[in-house]
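Below, each chain spelled out in residue letters.
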Amino acid sequence: MARTLRITTRNATFQQWQALLTNRTKRQRAGEFLVQGVRPISLAVRHGWPVRTLLCPDRVALSRWAGDLLDTVDATRAVLAPELLRELGGKDEDAPELLAVVELPADRLDRIPTGPDPLVLAFDRPTTPGNIGTMVRSADAFGAAGVIVTGHAADPYDPKAVRASTGSLFAVPVVRVPSHREALEWVASARTAGVEVTVVGTDESGDVDIAGADLTGPTLVAVGNETHGLSAAWRQSCDRMVRIPISGSASSLNAATAATVALYEATRQRAARR
């Protein structure tokens, strides 16, 4: 039977959980992150992510959803004073029914499947957690096999990223790598295995409109940093650069929006091919 903790003060254990909300280094050292919200927690459990601790409020009647999770998930149960749980919940409203401390996955590119005809997204040096989460949500919606976050970047396990993904973080493999090189090694490995992945970069000065590029085969779509776009190294590594035609007074699209358009176009082409 899972053990139960009772937390009534801002003790060391509470402070460790609090640090998971704001401190990337401590998330990494602990190998875990805090998940807020019914849908993200449900999807984490559904997709088999290891839940280390479930946090619930003391002396508060819980819904059937929360009760079932507490009864079925093999994790430590932590009962907190409601005001402490409210602090961890990230909202000024009532204390959440449940929070989950979930184990971080390994950043291994072999978590991303290579076939058949994989569609993979690479996000180069993103600075905003919300953009990462939105991109992961779009990747899930349009059937991408995975998301690779390259370079010095915001953290996909930041609470803002997890919330923006609306739980899709638990459905789509998201892998962090130090640079574009590791992503290209994944491409080379896929090609060696007979999966001819095409690397397509997105840029407002690309040489062809995205609708004119063939995205029906195995494809890695690279999207650049919100401010500076793709790095020179990524540009040189792409098989082709495509642009998303826009009009009006906007000079460019938000990075997550550009990724969503690219994923939609790839899905549209693949559906038309069938």
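Residues numbered from 1 in each chain as written. Predicted model: local features only at pLDDT ≥ 70, side-chain atom pairs only at ≥ 80, totals over all residues. Heavy atoms only, no water.

1. Focus: the sheet that holds strand E8 (residues 174–177)
Part 1 of the argument: The strand order across the open sheet built from seven strands is E8-E7-E6-E11-E9-E12-E10, with neighbouring strands paired in parallel fashion. Looking along the sheet, the strands with just one partner apiece sit at the ends: E8 and strand E10 (208–209).
Part 2 of the argument: Note: strand E6 (residues 119–124) against strand E7 (residues 146–150), five bridges, orientation parallel. If you follow Asp 124 over to E7, its bridge partner there is Thr 150.
Part 3 of the argument: Each of E6, E7, E8 and strand E11 (219–223) touches helix H6 (residues 129–141); the most contacted strand, E6, lies at about 170 degrees to it. (Pairing = 2+ DSSP bridges. Helix = DSSP H or I, 4+ residues; strand = E, 2+ residues; numbered from the N terminus. Contact = heavy atoms within 4.5 Å. Axes fitted to C-alpha atoms, helices over the stretch in contact; angles between N-to-C directions.)

2. Quick look at the packing of aromatic side chains
Part 1 of the argument: Summed over all chains, the structure comprises five aromatic pairs.
Part 2 of the argument: Here the aromatic rings of Phe 142 and Tyr 264 are separated by 6.0 Å at their centres, their planes lie at 75 degrees, and the arrangement is edge-to-face. Remark: Tyr 264 occurs in helix H10 (residues 255–273) and Phe 142 occurs in the loop between H6 and E7; sequence separation between them is 122 residues.
Part 3 of the argument: On the basis of relative accessibility, which here comes to 24%, the residue Phe 142 falls in the partly exposed class.
Part 4 of the argument: Connected via pairs of aromatic rings, a cluster forms that spans Phe 33, Trp 49, Tyr 157 and Phe 170. (Phe/Tyr/Trp six-rings, centres within 6.5 Å; stacked < 30°, edge-to-face > 60°. Buried < 20%, exposed > 50% of the residue type's maximum accessible area, 1.4 Å probe, protein only.)

3. Things to note about the environment of Ala 233
Part 1 of the argument: Tracing the backbone through its elements, the reader meets Ala 233 in helix H9 (residues 232–237).
Part 2 of the argument: A relative accessible area of 26% means that Ala 233 is categorised as partly exposed.
Part 3 of the argument: Along the sequence, Ala 233 and His 180 sit 53 residues apart, while their C-alpha atoms lie 7.4 Å from each other.

4. Section: the domain arrangement of the protein
Part 1 of the argument: Partitioning the protein into domains gives domain 1 (4–103) and domain 2 (110–273).
Part 2 of the argument: When each unit is reduced to the centre of its C-alpha atoms, the spacing between domain 1 and domain 2 is 31 Å.
Part 3 of the argument: Contact with domain 1, which involves 14 residues of that partner, is made by 16 residues of domain 2.
Part 4 of the argument: Carbon and sulfur atoms make up 56% of the area that domain 1 and domain 2 hide from each other, which totals about 1,300 Å². (Domains from an automatic or database assignment. Buried area = accessible area lost by both parts, 1.4 Å probe.)

5. Let's talk about the pairing of E8
Part 1 of the argument: Judged by which residues are buried, E8 turns out to be covered on both faces: Val 174 and Arg 176 on one side and Val 175 and Val 177 on the other are all buried.
Part 2 of the argument: Judged from the four bridges that link them, E7 and E8 form a sheet pairing that is parallel. Looking at E8, one finds that Val 149 is bridged to Arg 176.

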